[in-house]
Each structure stands twice: as structure tokens, then as C-alpha cells.
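# Breakdown of the fold
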Amino acid sequence: MDNTAIINPPKRIIDLINLKATGNDLEITLSFNIVPVNFAHQNYEFQAYIFLCNYSGMVNSTPFAFRKCYAKGCPDNLCPHVSQAVMIANRYLKKDFKRLFDAGISFKETFFSLEDMMVKYDAVDVKKNETTGGILTIHDYINIAKEGNGVEVQISLEVIPAVEHFANQKNEQTFFMADFNITTLGRKSQFQRCLACFQTDNESKAKSVALVTANDRLKILYTEFNDANIKYKAIFFN
């Protein structure tokens, strides 16, 4: 095993996988935040809840910590309802967990809880279970395409400022968001995914890292689109 300290701590799931593949020792702990966020989008503002998984631990003798956004839920119809977002987030989590387990990385598997959401944010009526469609993810549509069905995706990218509200503080963040408008089987669906974010007051140092992360995640997704013969036009953040 390589017991030397690492120079660049991991910032993504793929970084953990690559470190494990090169013989590094990994210890991973998961924690979750469901955070109310005020987004400023074009000429209007709205509140949503983002579902964050915090990955922390040690790589050899070096501590690391990063977070990944798994879903966004709204109490209105501007995005999937918060009760749907819990299920969407957990489906994406399961996909990442499988990648980590397949790489030989062990940790305690835990998920987002709708009950926790209700306890922490009782002002949000998650019991209504209002819907804006099914709880399919973008990868369900990739599988639909692999089954021989025609799938077309129109992609738009935005950089959106926001303010996260934690228990005792506010945190200004800027999000790299991707909108996917999907047409298949005679129906249209829309998804929005956060591909990266950075602390707004640290833009000079953090924005470039977040931009690379967002574009790398787009490249992975586009490769999956290509493998499934999905029609789309590749675009990136710049």
C-alpha cells in the first residue's frame, strides 16, 4: 500500500476510484444535508431544497472532504417536488455506491430520508406528494434508448447564483446547472442536474476547479449518450 500523503485530495467519485486503483488506503464516511436554497434565476427568485451527500475521510495520511448534489426539490412546480427529489437523489446515490463498491471501496451505505426532511423542515408540506411527472432519472432514458427506442435530448447550461441556508449561517454558492429536455416514446420530459458548484466569495480560486468538474461530468454523460445512440448536441461550460 502507498502510505504517502497525496498532493491533490479527491473532489469527485472518480477520484476516489482512481486512488483505490493505484493502491491507496481509503477511509470514507458519509453525511447528508438537505439545504434550503434561494436561487436567482434570470428575472425571478425561488426557493428549493438541494440534497447534498458529504464524502469525507482519509486517503493514506491526508484528510479529504467534498460534497455532491444529488437532487433539487421544490415545494411548487418549478422542479420535482421535494418528496420526489428524495427518491431521485437515492437512485443517483445507489449508482455511485455501486461504482465505489465495484472498485473495492467499502463504507457504510446510507441514504436520504423523507422522514428527516419532514422533521428538519416542517414548514414544507412534503406529505402532499405533488408530482411533476415520474421519478425517472436521465439514466432511465439512456436505458430506453439502449432498448432500441429513439431518444432526443436538448441541453442548455446555466451558471446560477444562490444562497444556502444552514442552521446558523448563510452560504453564497454558484451552481453549474444543466437542463435536459428529452423527447421519446411520444412524450417530453425535463430534468435539471447540478454538475458542480463553488463558494461565490472564493470565485478566483474555486470557479476554475468547479468548471472542470462540471465539464468532466458532461463528458461522461455524453459518452453514455453516444453508446445508446441518443440524438443530442454536446455543449460545455466556458
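Quick note: structure is the one above.
This section reports on the structure supplied with the text. Keep in mind that what you see is a predicted model, and the values were worked out from it rather than measured.

Thresholds applied
- Residues numbered from 1 in each chain as written.
- Predicted model: local features only at pLDDT ≥ 70, side-chain atom pairs only at ≥ 80, totals over all residues.
- Heavy atoms only, no water.
- Helix = DSSP H or I, 4+ residues; strand = E, 2+ residues; numbered from the N terminus.
- Buried < 20%, exposed > 50% of the residue type's maximum accessible area, 1.4 Å probe, protein only.
- Contact = heavy atoms within 4.5 Å.
- Areas by Shrake-Rupley, 256 points an atom, 1.4 Å probe, with all protein chains shown as cover.
- Salt bridge = Lys/Arg side-chain N within 4 Å of Asp/Glu carboxyl O.
- Phe/Tyr/Trp six-rings, centres within 6.5 Å; stacked < 30°, edge-to-face > 60°.
- Axes fitted to C-alpha atoms, helices over the stretch in contact; angles between N-to-C directions.
- Parallel < 35°, antiparallel > 145°, perpendicular 65-115°, else oblique.
- Nonpolar A, V, L, I, M, F, W, Y, C, P; charged D, E, K, R; others polar.
- Core = buried A, V, L, I, M, F, W, Y, C linked by side-chain atoms within 4.5 Å.

## Concerning the overall build of the protein
When its secondary structure is counted, the protein shows five helices and six strands. The N-to-C order of helical and strand elements in the protein reads α-β-β-β-α-α-α-β-β-β-α. Considering the protein as a whole, with its 238 residues, one finds that 46% of them fall into the buried category. Taking the contacts inside the protein whose residues are at least 6 apart along the sequence as the reference set, 58% of them involve residues at least 24 apart. Accessible area of the protein: about 12,800 Å², with a carbon and sulfur share of 48%.

## With respect to the side chain of T213
Turning to its location among the elements, T213 is positioned in helix α5 (residues 203-227). T213 sits in the buried class, given a relative accessible area of 10%. Apart from residues no more than four positions distant in its own chain, T213 is found in contact with R12, L195 and A196.

## As for the pattern of salt bridges
Applying the stated criterion across every chain yields a total of nine salt bridges. R12 is the salt-bridge partner of D216, the closest N and O atoms lying 3.1 Å from each other. Pair noted here: D216 is in helix α5 and R12 is in the segment before α1 (13-21), with a separation of 204 residues, a long-range link. Of the residues examined, D216 reaches a relative accessible area of 22% and is grouped as partly exposed. Here K207 makes a salt bridge to E203, at a shortest N to O gap of 3.8 Å. Separated by four residues within a single helix, K207 and E203 lie in helix α5, roughly one turn from each other.

## Here we look at the environment of K94
Checked against the element boundaries, K94 lands in helix α2 (residues 82-102). For the pair formed by K94 and T110, sequence separation is 16 residues and the distance between their alpha carbons is 9.6 Å.

## A short note on the packing of aromatic side chains
Evaluated as defined, the whole model comprises 16 aromatic pairs. Seen in terms of ring centroids, Y55 and F66 are 5.1 Å apart; in terms of plane orientation they differ by 15 degrees. Their pairing is stacked. Note that Y55 is positioned in strand β2 (residues 44-59) and F66 in strand β3 (residues 62-73), a separation of eleven residues in sequence. The same class applies to Y55 as to F66, namely buried. Considering the side-chain rings of F176 and F198, the 6.0 Å spacing of their centres and the 50 degrees angle between planes classify their relative orientation as tilted. Placement of the pair is F176 in strand β5 (residues 170-184) and F198 in strand β6 (residues 187-199), with a sequence separation of 22 residues. Note on F176: relative accessible area 1%, which makes it buried. Given the relative accessible area of 4%, F198 is considered buried.

## Some remarks on the packing of helix α4 (residues 138-146) against α5
Where α4 contacts α5, the axes come no closer than 9 Å and their chain directions differ by 25 degrees. The angle between α4 and α5 places the two elements in the roughly parallel class. Between α4 and α5, the residues in contact are I138, H139 and I142 and L221, E224 and F225, respectively. Taken together, the residues that form the contact of α4 with α5 break down as four nonpolar, one polar and one charged.

## Considering the nonpolar core
The biggest cluster of nonpolar side chains holds 57 residues, and the ones touching the most others in it are I28, F51, Y55, Y70, F112, F180 and F225. Looking at which element gives the most residues to this core, the answer is α2, with nine residues. Residues F39, C74, F175 and M177 belong to the second largest nonpolar core, which totals 15 residues.

## Points about the packing of α1 against α2
Put simply, α1 and α2 touch, their axes get as near as 9 Å, and they point 10 degrees apart. For the element pair α1 / α2, the angle class is roughly parallel. Side by side, α1 and α2 meet where I13, I14, L16 and I17 of the first sit next to D96, R99 and L100 of the second. Looking at the contact of α1 with α2 residue by residue, the classes come out as five nonpolar, no polar and two charged.

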